[in-house]
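Reading the structure
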Amino acid sequence: MTASTIAPPAASRRYAHTFGALLARDLRVLRRDLRSFMARTVVQPVLFIFVFAVVLPRIGYGAGQGLSADGRAETFTTILVPGLVASGIVLQGIFAVTTPLVMELSYTKEIDDRALAPIPVWVVGVEKIVAGAIQGVIAAVVVFLAVLFVHAPGEAPNIDFGRWPLLIAVLVLSSLLTACIGLLIGTLLPPQQLSTLFAIFIVPLMMLGCVYYPWAALEAIPWLQTIVLANPLVYVSEALRGALSPAVPHMPEAASLAVLVVGTLATGALSLRSFSRRLVG
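Along each chain, residues carry numbers from 1 onward, in the same order as the chain's sequence is written. Reporting in this predicted model follows two pLDDT cut-offs: at least 70 for local features of residues, and 80 or more for side-chain atom pairs to be given and counted; totals over whole chains, interfaces and linings ignore these cut-offs and use all residues. Computation of side-chain values: all heavy atoms of the structure, hydrogens and water removed.

1. Some points on the pattern of salt bridges
We define a salt bridge as a side-chain nitrogen of Lys or Arg found within 4 Å of a carboxyl oxygen belonging to Asp or Glu. Scanning all chains against the criterion turns up four salt bridges. Note that R163 and E253 form a salt bridge whose closest N and O atoms lie 2.7 Å from each other. Here R163, found in the loop between α5 (121-148) and α6 (164-188), pairs with E253, found in helix α10 (residues 253-280); they are 90 residues apart in sequence, far enough to count as distant. You can call R163 partly exposed: its relative accessible area is 30%. For the salt bridge of R241 with E238, the shortest nitrogen-to-oxygen distance reads 3.0 Å. Of the two residues, R241 and E238 are both situated in helix α9 (residues 232-244); the distance of three residues between them amounts to about one turn of the helix. As far as burial versus exposure is concerned, R241 and E238 are alike and both buried. Elements are defined by DSSP. Helices are runs of H or I of four residues or more, strands are runs of E of two residues or more, and each kind is numbered from the N terminus. Working definition: with a 1.4 Å probe on protein chains only, accessible area under 20% of the residue-type maximum means buried, over 50% means exposed, and in between means partly exposed.

Below, the structure written as structure tokens:
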């Protein structure tokens, strides 16, 4: 039986086997570089929460409190923890795909070996998205465990695990979205501009991503509250606040989830198209 006459079920099994082999290879690389992964994932959010939730309250310059939906005061860590988890997902999800892809497309040319695998090129792109999303979920768990218990006395976050189905949905969608963004950037970004990505993209993304404040608090600056809606990190942060600290005013879950779903589908389609064109063209 020739390749052209392979039945769809047989082709699907072949694609799944090759996809699994590629994914296993990426996860093996992640396990080998686990210490580096943990360091780059944990250091920044732990330092942030250490300064805001430990140092500043102890020296009398506390970051302040926010109000819950019923008017009760909430500690700043309650606002900060979901935002830091969101930033961990976004940073790791993007860089886990973008950095190695840029290297593979320019210097190592390792991507050529994957393009020769007995599967369509777009399947290779899907594998990279899935691998990046897995790293995003792992980063979320690691960051959450790291920052949950770092706070001064009386500054403990008020975290609610009762909405765990929403939490799982947000983690999966957010990780897939950021991995898709990483794939799109990796196929469009010239290798010599990789070092400038942090300054021109990541820093504004973080500062205006509602990591350190809820989106509802920007009502005092209406024009900024509107502009930040173009930032995908806003929806990740707000969706996680709805899942982990629903007492804090946040964007309606239906709105943030809708943006995450539509954004994942649209960005995924664009990134796979760009990836296929880059490899085939």
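Past the structure itself, the notes keep going.
2. Section: the UniProt feature "transmembrane region" (unreviewed entry) in the chain
UniProt positions are given in the numbering used here, feature names are shortened, and annotations may be inferred rather than shown by experiment. If you check UniProt for "transmembrane region" (unreviewed entry), the listed places come out as residues 37-59, 79-102, 129-152, 164-185, 197-215 and 254-272 in our numbering. When the span residues 37-59 is considered, its composition is 96% helix and 0% strand, and the gap between its end C-alpha atoms is 33 Å. As a span, residues 197-215 carries 58% helix and 0% strand, and end to end its C-alpha atoms are 25 Å apart.

3. Some thoughts on the nonpolar core
Counting 49 residues, the largest nonpolar core has L84, V85, L233 and L240 as its most contacted members. At the level of secondary structure, the elements contributing two or more residues to this core comprise α2 (34-58), α3 (76-106), α5, α6, α7 (197-207) and α9. Examining the composition of this core, we find that 10 residues originate from one element, α3, more than from any other. By definition in these notes, contact holds between two residues if any of their heavy atoms fall within 4.5 Å. Each residue touching V85, except ones within four places of it in the same chain, is listed here: A140, V143, F144 and L240. Buried residues of nine kinds, namely Ala, Val, Leu, Ile, Met, Phe, Trp, Tyr and Cys, make up a nonpolar core once their side-chain atoms join them within 4.5 Å. Residues L105, V123, I129 and F275 belong to the second largest nonpolar core, which totals 19 residues.

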